[in-house]
Amino acid sequence: MKFGTKAIHAGVEPDPTTGAIMTPIYQTSTYVQRSPGDHKGYEYSRTHNPTRTQLQNALAALENGTHGLCFSSGMAAVDAIIKMLKPGDEVISTNDLYGGSYRIFTKVFQNYGIKFHFTDMGDLKNIEALVNENTKMLWVETPTNPLLNIIDIKGCADIAKKHNLLVVADNTFATPYLQTPLDLGADIVMHSLTKYMGGHSDVVMGAVIVNDDDLAQQLAFIQNSCGATPGPQDCFLVLRGLKTLHLRMERHCQNGRQVAEFLKNHPKIEKVYWPGFAEHANHEIAKKQMRDFGGMVSFVLKGDKVEDAVRVLEKFEFFTLAESLGGVESLCGHPASMTHASIPREERLKAGLSDSLIRLSVGVEDIEDLLADLEQAIG
Ligand code: P1T
């Protein structure tokens, strides 16, 4: 089945009681048992809910996995994955990643005795250099947030195999439309469904997808024991969003390309970050592991002054200044003070994230209006 057909059909069945083509919102916390244990597979909605089950199946199908698990946010999905580790275990992570992931690693889990190393994973040698007998996991985010670095997922999986490590791929920026990390050897795919997967800026949710029964069982145990599960209304919204994932992503990619090229040719722009440029450090890997280059573009103005960046952010009309990304509407952000404020300034600068960087989530509006907005704001 091709991707667009999968986005609409895979993993979902008409409702068995009514034939409803769209999965109903099973707004119930519990399920009647005729006698203790005599039920239809549903006991309590933290553990299982039919609307969530359909979404989990759809996600597993899209990522070419066998099991999907939904969480009440992307961060709750990160939390569940790291809870598979024990004190003394070590994780090697990319040094450019979502600020919230950096924060939960360093401010929450480091207190429980789990150690995190942050390095430029664009060069696989940096990963090998950090592996020791306590290393258990490689945390790969690709493309990275917000610098759009590309990490070779298969290369990471090859290293992981040698040392018996788990590879986690945060696939939030790419979505399975652009890349399927399980096919490249990753063990666990993680999503903030809040972004492209939901696609309409109306829901906060996360997911984990695997193709291994043992990993699925461990994660389901954590999902149920810790209880960060989403409600059925939110699951319905993501199920609805998934049906147009391929259409939206196609337009996000087209618009992203035009915005990146426009900015690159603009006399007031110093640098544009977008993996589709031939001169991007890992463009060849991006071409190999991704179908296209996505709708995220970051840039720095000439002079690299924060006050100039703030002026541009304030002048935008269609690029709305807001946290988040991946919705149909274009957004702009200032990572240094917003999404990545929890990363210490020195660490940010070391990873190449300057104080004046602007991040764009290019939406699916008409490109002429978006380019005109960039022109009037940058001036
Ligand atoms: O916001 P939440 O659904 O909890 O997902 C966290 C998360 C995880 N991974 C990546 C790559 C992310 O970008 C995010 C959330 N990011 C933003 C809110 C943002 O504006 O970058």
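Computed from a prediction, not measured in an experiment: that's the story for all the values here. (Residues numbered from 1 in each chain as written. Predicted model: local features only at pLDDT ≥ 70, side-chain atom pairs only at ≥ 80, totals over all residues. Heavy atoms only, no water.)

## Some points on the sheet that holds strand 4 (residues 135-141)
Next up, step 1: Strand order across the open sheet formed by seven strands is 1-7-6-5-4-2-3, with mixed pairing between neighbours. Two strands bound the open sheet, and with one partner strand each, they are strand 1 (67-71) and strand 3 (115-119). Averaged over all adjacent pairs, the angle separating strand axes in this sheet is 20 degrees, with direction ignored.
Next up, step 2: Two strands pair when backbone bridges link them, and strand 4 and strand 5 (residues 166-170) are joined in this way by five bridges, in the parallel orientation. Following the sheet pairing, Val140 is matched in strand 5 by Ala169.
Next up, step 3: Sheet strands touched by helix 3 (residues 74-82): strand 1, strand 3, strand 4, strand 5, strand 6 (188-192) and strand 7 (206-210). Its angle to strand 6, the strand with the most contacts, is close to 155 degrees. (Pairing = 2+ DSSP bridges. Helix = DSSP H or I, 4+ residues; strand = E, 2+ residues; numbered from the N terminus. Axes fitted to C-alpha atoms, helices over the stretch in contact; angles between N-to-C directions. Contact = heavy atoms within 4.5 Å.)

## Some details on the packing of aromatic side chains
Remark: the centre distance and the inter-plane angle together describe each pair of aromatic rings, the angle taken between the planes.
Next up, step 1: For the coordinates displayed, the defined rule picks out 10 aromatic pairs.
Next up, step 2: Taking 6.4 Å as the distance between ring centres and 55 degrees as the angle between the ring planes, the aromatic pair formed by Phe109 and Tyr112 counts as tilted.
Next up, step 3: An aromatic cluster of three or more residues is present, and its members are Tyr102, Phe105, Phe116, Phe118 and Trp139.
Next up, step 4: Directly above the aromatic system of Tyr177 lies the positively charged group of Arg291, at a separation of 4.2 Å from the ring centroid. (Phe/Tyr/Trp six-rings, centres within 6.5 Å; stacked < 30°, edge-to-face > 60°. Lys NZ or Arg CZ within 6 Å of the ring centre and 35° of its normal.)

## Quick look at the domain arrangement of the chain
Next up, step 1: Each assigned domain of the chain is listed with its residue range as follows: domain 1 (3-242) and domain 2 (245-378).
Next up, step 2: Between domain 1 and domain 2, a total of about 3,500 Å² is buried, with carbon and sulfur atoms accounting for 62% of that surface.
Next up, step 3: If you sort the residues of domain 1 by the area they bury against domain 2, Tyr177, Leu178 and Tyr196 come out on top, with a joint share of 23%.
Next up, step 4: Counting the contacts that link domain 1 with domain 2 gives zero salt bridges.
Next up, step 5: For the pair domain 1 and domain 2, the interface holds 18 residue pairs in polar contact (both at pLDDT 80 or more).
Next up, step 6: Sorting elements by how many residues they give to the side of domain 1 that touches domain 2 places helix 4 (residues 99-108) first, with five residues.
Next up, step 7: In terms of residue class, the side of domain 1 that touches domain 2 is made up of 23 nonpolar, 16 polar and five charged. (Domains from an automatic or database assignment. Buried area = accessible area lost by both parts, 1.4 Å probe. Salt bridge = Lys/Arg side-chain N within 4 Å of Asp/Glu carboxyl O. Polar contact = N/O pair within 3.5 Å; in protein donor to acceptor, adjacent residues only side chain to side chain. Nonpolar A, V, L, I, M, F, W, Y, C, P; charged D, E, K, R; others polar.)

## What about helix 14 (residues 367-378)?
Next up, step 1: Over its 12 residues, helix 14 runs 16 Å from end to end, which matches the ideal 16 Å to within 8%, given 1.5 Å per residue.
Next up, step 2: Looking at helix 14, one finds that the buried residues are Ile367, Leu370, Leu371, Asp373, Leu374, Ala377 and Ile378. Projection of helix 14 onto a plane perpendicular to its axis shows the buried side chains occupying an angular sector of 155 degrees, all on one side.
Next up, step 3: On its buried face, helix 14 is in contact with helix 10 (245-264), strand 8 (269-273), strand 9 (296-301), helix 12 (306-315) and strand 12 (358-361).
Next up, step 4: Directly beyond the C-terminal end of helix 14, a positive phi value near 70 degrees is found at Gly379. (Expected span 1.5 Å × (residues − 1). Buried < 20%, exposed > 50% of the residue type's maximum accessible area, 1.4 Å probe, protein only. Arc of directions from axis to C-beta.)

## Describing helix 4
Next up, step 1: Of all 10 residues in helix 4, seven are buried, a share of seventy percent or more.
Next up, step 2: Looking at helix 4, one finds that the buried residues are Gly99, Gly100, Ser101, Tyr102, Ile104, Phe105 and Thr106.

## Notes on the site of the ligand
Next up, step 1: Neighbouring the ligand are 19 residues; Asp170, Ser192, Thr194, Ser324 and Arg359 lie closest to it.
Next up, step 2: Within the backbone of Ser324, an N or O atom sits 2.8 Å from an oxygen atom of the ligand.
Next up, step 3: Arg359 places a polar side-chain atom, nitrogen or oxygen, 2.8 Å from an oxygen atom of the ligand.
Next up, step 4: Burial of the ligand by the protein chains amounts to 94% of its free accessible area of 480 Å².
Next up, step 5: Counting only elements with at least two residues in the shell around the ligand, the list comes to helix 3 and strand 6.
Next up, step 6: Each residue belonging to the shell around the ligand can be placed in one class, and the counts come to six nonpolar, eight polar and five charged.
Next up, step 7: Counting the residues that make up the shell around the ligand, at least three belong to each of domain 1 (3-242) and domain 2 (245-378). (Near = heavy atom within 4 Å. Areas by Shrake-Rupley, 256 points an atom, 1.4 Å probe, with all protein chains shown as cover.)

## Quick look at the nonpolar core
Next up, step 1: Formed by 67 residues in total, the largest nonpolar core has its most connected members in Leu263 and Leu360.
Next up, step 2: Both domains that furnish three or more residues to this core are identified here as domain 1 (3-242) and domain 2 (245-378).
Next up, step 3: Setting aside residues no more than four positions away along its own chain, Leu360 makes contact with Val259, Leu263, Gly295, Met296, Val297, Phe299, Phe316, Phe319, Leu331, Cys332 and Leu374.
Next up, step 4: Of all hydrophobic cores here, the second largest spans 30 residues; its members include Val78, Ile81, Val168 and Met190. (Core = buried A, V, L, I, M, F, W, Y, C linked by side-chain atoms within 4.5 Å.)

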